[in-house]
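Listed below are the residues making up each chain.
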Amino acid sequence: MDRGDIEEAAGEEEFPRLGGGKYRPVGAHDRAVVEMSSIDPGSSSSSSSSTLKNIRVVAPGEMGAGAREGPIPEDGVNGHQKESKLELFGFDSLVNILGLKSMTGEQIPAPSSPRDGEDISIMQGHPKPALKMGTMMGVFVPCLQNILGIIYYIRFTWIVGMAGIGQSLVLVLLCGLCTFLTTISLSAIATNGAMKGGGPYYLIGRALGPEVGISIGLCFFLGNAVAGALYVLGAVETFLKAFPAAGIFRETITKVNGTAVAESVQSPSSHDLQIYGIVVTILLCFIVFGGVKMINRVAPAFLLPVLLSILCIFIGMFLAKTDDPDTGITGLRLKSFRDNWSSAYQMTNNAGIPDPLGGTYWSFNELVGLFFPAVTGIMAGSNRSASLKDTQRSIPVGTLAATLSTTLLYVISVLFFGAVATRDKLLTDRLLTATVAWPLPLIVHVGIILSTLGAALQSLTGAPRLLAAIANDDILPILNYFKVADTSEPHIATLFTALICIGCVVIGNLDLITPTVTMFYLLCYAGVNLSCFLLDLLDAPSWRPRWKYHHWSLSFVGASLCIVIMFLISWSFTVVAIALASLIYKYVGLKGKAGDWGDGFKSAYFQLALRSLRSLGADQVHPKNWYPIPLVFCRPWGQLPENVPCHPKLADFANCMKKKGRGMSIFVSILDGDYYECAEEAKEACKQLATYIEYKRCEGVAEIVVAPNMTEGFRGIIQTMGLGNLKPNIVVMRYPEIWRRENLTEIPSTFVGIINDCITANKGVVIIKGLEEWPNEYQRQYGTIDLYWIVRDGGLMLLLSQLLLTKESFESCKIQLFCIAEEDSDAEALKADVKKFLYDLRMQAEVIVVTMKSWDIRSEGNSKEDSLEAFDAAQRRISDYLGEIKSQGSTPRLANGKAMVVNEQQVEKFLYTMLKLNSTILSYSRMAAVVLVSLPPPPLNHPAYFYMEYMDLLVENVPRMLIVRGYHRDVVTLFT
C-alpha cells in the first residue's frame, strides 16, 4: 500500500497538542500517518555498518609534537588483539573496559562511527580521582561520633536511677537489638551494588520505589535537622552548668522533694539555652559551609577528647570512695548495686528532678523514647557513601563495629553507674559523669561539649547532602532549589537545615525534642528493614549481596521491632510521623515525576502477575470474571495529527470499554519494512506510543510490530499477543471511510483480511464509524444508545452499552434495544422474552421488535429516492468491477487464490439487506447518541470489494456507529 494514499484532505479539524498549541494537518506523504512516529526515515541501524578506518590510540604522554598519525596498531586498548579475527561472527566485538563501565551506570559516550578516511584520537588514562576515605575515617569514626553523644553524658545516669539496673539493661539491649538488626539489613542492601549519595534514602528509594524513598528520606532529613538542635542544646546546657557565670539570665533553682536530703538544684535558664544555641548553630553552619574536607579534618579532634573523657569516667568510678568526691557517691559497692536494681518510676518536674507535684510521670515507654537517640547514628557511614573507597566493605564492617562497641559500652556503663552512687544521686545529679571523672570534672565537660558539637556538625553535614540527593533525583519539582552539581557543596540545603535547627533550638527543652527525633529515625530504620525484607523474600536474580549474614526473617523482626518501639514511646507521635510520611508519599504520587529505579515493588508485581497468571489457568474465564481486553489497532484509515502515534478518539473509546478505569488495553501499531532495518525505529515508536497512552490516562501497554505489510503484521499479532488468559479478546479499529474517496484499492482486501483473521482467532470485533465524532470525557451526550441486536453474540453488544453508561459523557442516555426479526415471527413473544432476559441481566432498556420484509426489491414501493440511488450506484459499481475482471480473460480469483464464484442474485440480496437495515436505523435512530449494530461476516467467495460496498450501504448517513461482532462464548451471565 502506498504510504501517502491513506490521507484525508488537509484542513480538517485540528487536534490539541500535548504541550499546547495546534497540530497541522498531515500532508500527503507524511510518514507519521503510517508509522505513527516522528522518526527520521534515515535514522536506521544501517549506519552501524560504517567501517572504522585509521583509528589511532594516543597515550597522554604522546599528545603533542611527538604524536604520529597512522592506522591503529595491533596492540589495541585491551592489549594485543588482532584486527578483526577475534570478533564474534562479525557483529560482537570483544569485551572492553568501555562496555564494562557502562554497566555500572557511568555516563560514558559511545564511540561514534567515523566516516572513511577520518582519524579519531582516543585519550588513554583517566583524570586523577578524588581522595576517598577508608573504613575507619569514612564509617567507623562518623558512626561512633554520632552514637556517643549527649544522652550518654547527661541523661544515662538519670535513666539508670529511674529504671533501675535491670530494666536499664533491657532498655539498652532492646534499642541495641533494633539498631543491630537494622545494621544487618543495611549491610545487605549496601553490598548489593554501587551506591551513590543519599545514604538511607538511596537504599530505600531503590528498593521500595521513589515514593516510599522520598517520603522516608524527607522524614529522615527532618530527624537529622532536629537532632542537630538536640546536640546543640546538650552542648550549651553542659557549658552553662560548667560555667554558671556565663549565663545572661538568672538560673532556675529547683527544690528537691522526696529525697533523703532536701537540696536545691540549679538549672540553666531557657533563655540562655536559646541565645547560646542560636549562636552555636550559626558558628557550626560557617564550618559546614567550609566543606566536607574541613569537617573530616576536625572530626578526629572532636572524637579523641570524647574517648579520653569516657576513659576518665571509668577510672574515676574505680577510684571513687564513699562521699568522694561528692555526697551520694558510694564507690563501686554491691549494696548500691542491689539498691539500684529495681525501678523507681515517679513524677518529675520539667527539669527531670523528682517532685510529687511535678507534671511528668516517667515509665519504661517514655525512657525508650528518651534513650533511643543514644543508639542512632548508624547511618552516618552510609551518608558518606559517595566518598568511600569501597562501600561494600566499609559500610558493613564500620557500622557493625560502631554498633557493637557502643552497645557493649552502654551495658558496662549500666552496671557501673548502678553500683557507684545512690539512687537519689543518680536522679538529681544530671552531670554525674563529670562528678566521678578523674582527675577533674572539666575533662568530662570538655568531652561533652566536643562530642555534642561533633555530632551536631555531622548532622548539619549529612542532612543537607541528604536533601540535595533527593533533589538531584529530579522526582519532586518543588525540591529543585536544592539541586547541586556532583562536586559542589549544598549551600542552599545547608541554610535551610540551619533554619530548621534554629527553630528547634528556640524550643529550648531537650526532653521535648528527643521523641520527635526518635520517631523519624525509627521510621527510617523500619524502611531499611522492610527494603531488605522485600528484596530477600523476592530473591530476584539481581539480588546478590556480598554480605551473606542476613535473612528475610531478621529484617522482618527488625522492622516489626521498629514499629513496636514507636508505639511504645508514644502512639500519638507515631501516628503523626506515619501521617506525615503518608502525606509526602501522596504528594510525590500526585506531583512527582515518574522514576523507574528497578525497585522491589516492581519485582513483587512481577511475581504476583506470574502467580495470578498461573492461577487463571488455561481454561476460559467465567463470564462473571470476564473483562474486555481490547486490542486497539492504532494504524489509521485516515488522518492523524502531527507526531501523535494513535488517534486521540481511539484512546477515548478504549477508556469507554472499562468500568471505572479497570481493565487493560493493548495499543498496537504496525510498521512496514524489514525488521533488521526498522528495529531501532520501532523501539522509538513504541516509547512514543507508550508516552501518549499514559498522557491519555489509558491503562494499557504499547506494542510496535515490524512486518512486510499490514496483513502479515496483524496476523502475527492476533496469534501471539498476550499470555494465557490475558490475551486480548476484542479487536478495536476504525472503519475505513476513505477507501473509495481516495481510490485505495488495497484497503478492502486488508480490511476483510483483518475481520476474517479475528473470526478465525475467535476474537470479538468492534469497528468505529465516525471516529472523529466520538465524544471525549468532557462532552456530555443526550438521547439514546440504540442497539440493533440481529445475531447472538454472547452479550457483547449489551455489555458494551452498559459500559458506555458508566462513563460521564453517556450517563444521561437511555438504551433502546431493537430486535430484528423475520416477518413471520411472533413479535410480542420475542419482545417479552427479551425483556425477561434483560431483567435477569440487571439491565434496563426499552425493547422494540422490528420485522424485516422479504429481500425482493420490487415489493418495496415506499423506499426513499436517495436510498434507491445509493442502491443503484452500488449495483453499478459492482457490475463495472465484474466487467473489468472478465475483460482480462482469465478466471477471477480471490485473495486466497480460490476461484471467485459470483451469484448476482445473492449479491443483490446482500445489498438490499444492508440497505433495508440502514433505512431502519435512519428511521428509528437518527437522533441517537450512538448506534450499535451487529457486524455481518464477509461472505464466502465474494471479493473484498463487494463486502466494502455492503458495509458502505450499512453505515450510510449514520454519524456515529459501533459495528460489533462477538465470539463463541458468553460475556454476560444470568447467575449470581
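Parameters and conventions
- Residues numbered from 1 in each chain as written.
- Predicted model: local features only at pLDDT ≥ 70, side-chain atom pairs only at ≥ 80, totals over all residues.
- Heavy atoms only, no water.
- Helix = DSSP H or I, 4+ residues; strand = E, 2+ residues; numbered from the N terminus.
- Buried < 20%, exposed > 50% of the residue type's maximum accessible area, 1.4 Å probe, protein only.
- Contact = heavy atoms within 4.5 Å.
- Areas by Shrake-Rupley, 256 points an atom, 1.4 Å probe, with all protein chains shown as cover.
- Phe/Tyr/Trp six-rings, centres within 6.5 Å; stacked < 30°, edge-to-face > 60°.
- Polar contact = N/O pair within 3.5 Å; in protein donor to acceptor, adjacent residues only side chain to side chain.
- Axes fitted to C-alpha atoms, helices over the stretch in contact; angles between N-to-C directions.
- Left-handed = near helix turned anticlockwise from the far one by under 90°.
- Nonpolar A, V, L, I, M, F, W, Y, C, P; charged D, E, K, R; others polar.
- pLDDT = per-residue confidence, 0-100.
- Salt bridge = Lys/Arg side-chain N within 4 Å of Asp/Glu carboxyl O.
- Pairing = 2+ DSSP bridges.
- Patch = residues over 30% accessible without salt bridge, like charges linked within 9 Å, V, L, I, M, F, W, Y side chains within 5 Å.
- Core = buried A, V, L, I, M, F, W, Y, C linked by side-chain atoms within 4.5 Å.
- Parallel < 35°, antiparallel > 145°, perpendicular 65-115°, else oblique.
- Right-handed = clockwise from strand over helix to strand, strands pointing away.

## Focus: the overall build of the chain
Phase 1: Helix and strand counts for the chain come out as 30 helices and 18 strands.
Phase 2: Buried residues in the chain amount to 50% of all 976 residues.
Phase 3: Considering only residue pairs separated by 6 or more positions, the chain has 81% of its internal contacts joining residues 24 or more positions apart.
Phase 4: Surface accessibility of the chain: about 46,700 Å² in total, with carbon and sulfur atoms responsible for 58%.

## Describing the packing of aromatic side chains
Phase 1: Counted according to the given criterion, the structure contains 30 aromatic pairs.
Phase 2: Judged by centre distance (5.8 Å) and plane angle (35°), the rings of Tyr152 and Tyr410 are tilted. Of the two residues, Tyr152 is situated in helix α4 (residues 150–154) and Tyr410 in helix α13 (residues 391–420); the sequence distance between them amounts to 258 residues. Summarising the burial analysis for this pair, Tyr152 and Tyr410 share the class buried.
Phase 3: On the basis of an interplanar angle of 45° and a centroid distance of 5.4 Å, the ring pair of Phe482 and Phe496 is categorised as tilted. Note that Phe482 is positioned in the loop between α16 (441–472) and α17 (491–507) and Phe496 in helix α17, a separation of 14 residues in sequence.

## Focus on the environment of Lys649
Phase 1: Positionally, Lys649 belongs in helix α22 (residues 648–656).
Phase 2: In this structure the C-alpha to C-alpha distance between Lys649 and Ile768, which are 119 residues apart in sequence, comes to 10.0 Å.
Phase 3: Once residues within four sequence positions are removed from consideration, Lys649 is found in contact with Leu771, Glu772 and Trp774.
Phase 4: Among the polar contacts made by the side chain of Lys649, one reaches the main-chain carbonyl oxygen of Glu772 at a distance of 3.0 Å.

## Focus: the side chain of Thr452
Phase 1: On the secondary structure map, Thr452 appears in helix α16.
Phase 2: Residue Thr452 is classed as buried on the basis of its relative accessible area of 0%.
Phase 3: When residues no more than four places from it in sequence are discounted, the contact partners of Thr452 are Ile150, Tyr231, Gly234 and Ala235.

## A look at the packing of helix α3 (residues 135–147) against α13
Working note: a packed helix pair is described by the angle between its axes plus the distance between those axes.
Phase 1: Interhelical geometry of α3 versus α13 gives an angle of 30° and a closest axis separation of 8 Å. As α3 packs across α13, the resulting crossing turns out to be right-handed. Two secondary-structure elements touch here, α3 through Thr135, Val139, Phe140, Cys143, Leu144 and Ile147 and α13 through Arg393, Ser394, Ile395, Val397, Gly398, Thr399, Ala401, Ala402, Ser405, Thr406 and Tyr410.
Phase 2: Class assignment for the residues of the contact of α3 with α13 results in 10 nonpolar, 6 polar and 1 charged.

## A closer look at the confidence of the model for the chain
Phase 1: Within the chain, residue pLDDT values average 76, and 75% of them lie at 70 or more.
Phase 2: No element of the chain has a lower mean pLDDT than helix α1 (residues 31–35), which averages 33, and none a higher one than helix α5 (residues 156–190), which averages 93.
Phase 3: Within the model, pLDDT remains below 50 along residues 1–129, and this stretch shows 170 contacts once partners closer than five positions in the same chain are excluded.
Phase 4: Every residue in residues 854–863 is under pLDDT 50, and counting partners more than four places away or in other chains gives 13 contacts.

## What to know about the pattern of salt bridges
Phase 1: With the rule as written, the count across this model stands at 11 salt bridges.
Phase 2: Here Asp339 makes a salt bridge to Lys335, at a shortest N to O gap of 3.0 Å. Linking Asp339 with Lys335, this pair stays in helix α10 (residues 334–339), spanning 4 residues, or about one helical turn.
Phase 3: Between Glu680 and Lys683 there is a salt bridge, and its shortest N-O distance comes to 3.6 Å. Of the two residues, Glu680 and Lys683 are both situated in helix α23 (residues 675–695); the distance of 3 residues between them amounts to about one turn of the helix.
Phase 4: A single network of salt bridges, built from pairs that share partners, joins Arg780, Glu808 and Glu811.

## Topic: the sheet that holds strand β9 (residues 630–633)
Phase 1: Across the sheet, which stays open at both edges, the 10 strands sit in the order β11-β10-β9-β12-β13-β18-β17-β14-β15-β16 with mixed pairing between neighbours. Single-partner strands in this sheet number two, and they are β11 (700–707) and β16 (846–851). For this sheet, the mean angle separating the axes of adjacent strands, direction not counted, is 20°.
Phase 2: Strand direction decides the pairing type here: strand β14 (residues 784–789) and strand β15 (residues 814–821), joined by 6 bridges, are parallel. Paired with Thr784 across the bridge in β15 is Lys814.
Phase 3: Relative to β11, α23 is tilted by about 160°, and along the sheet it contacts β10 (665–672) and β11.
Phase 4: Along the sheet face, helix α27 (residues 827–840) touches β14, β15 and β16 and points at about 150° away from the line of β16.

## Brief notes about a nonpolar patch on the surface
Phase 1: On the surface, Ile248, Phe249, Ile275, Val279, Ile282, Leu283 and Phe286 cluster together to form a nonpolar patch covering roughly 660 Å² of accessible area.
Phase 2: Checked against the element boundaries, Ile248 lands in the loop between α7 (210–242) and β5 (252–255).
Phase 3: Classification of Ile248 by relative accessible area gives exposed; the value is 54%.

## Some points on unusual backbone geometry
Phase 1: In the segment running from Trp438 into Pro439, the intervening peptide bond is cis, with an omega of 0°.
Phase 2: Here Pro439 lies in the loop between α15 (432–436) and α16.
Phase 3: Of note in the backbone geometry, Arg697 takes a positive phi value of approximately 60° without being a glycine.
Phase 4: Positionally, Arg697 belongs in the loop between α23 and β11.

## Digging into the nonpolar core
Phase 1: In this structure, Tyr152, Tyr153, Ile214, Leu367, Phe371, Tyr410 and Ile565 are the most contacted members of the largest nonpolar core, which totals 144 residues.
Phase 2: Take this core: its biggest share by element is 18 residues, from α7.
Phase 3: For Phe371, the contacting residues outside a window of four places in its chain are Ile151, Phe156, Ile159, Leu171, Val172, Cys175 and Tyr410.
Phase 4: Listed in part, the 59 residues of the second largest apolar core include Cys634, Ala651, Val706 and Val964.

## Focus on the packing of α7 against helix α20 (residues 571–591)
Phase 1: It is the contact of α7 with α20, at a shortest axis distance of 8 Å, that shows an interaxial angle of 135°. Classified by the interaxial angle, the pair formed by α7 and α20 is oblique. Taken as a pair, α7 and α20 cross one another with a handedness that is right-handed. For the pair α7 and α20, the contacting residues are Glu211, Val212, Ile214, Ser215, Leu218, Cys219 and Leu222 in the first and Leu580, Ala581, Ile584, Tyr585, Val588 and Gly589 in the second.
Phase 2: Residues that form the contact of α7 with α20 fall into these classes: 10 nonpolar, 2 polar and 1 charged.

## A look at the pairing of β14
Phase 1: Most of β14 sits out of view: 6 of its 6 residues are buried.
Phase 2: Traced from β14 through helix α26 (residues 796–805) to β15, the parallel crossover comes out right-handed.
Phase 3: By the bridge criterion, 4 bridges tie β14 to strand β17 (residues 930–934) in an arrangement that is parallel. In the sheet register, Asp786 faces β17, and the bridge partner there is Val931.

## Things to note about the environment of Lys548
Phase 1: Checked against the element boundaries, Lys548 lands in the loop between α18 (510–538) and α19 (552–569).
Phase 2: Each C-alpha atom, one on Lys548 and one on Thr191, is 9.5 Å from the other, the two residues being 357 residues apart in sequence.

## A closer look at the side chain of Arg734
Phase 1: In this fold, Arg734 is placed in strand β12 (residues 730–734).
Phase 2: Since its relative accessible area comes to 5%, Arg734 is described here as buried.
Phase 3: A distance of 3.0 Å separates polar atoms of two side chains, one belonging to Arg734 and the other to Glu772.

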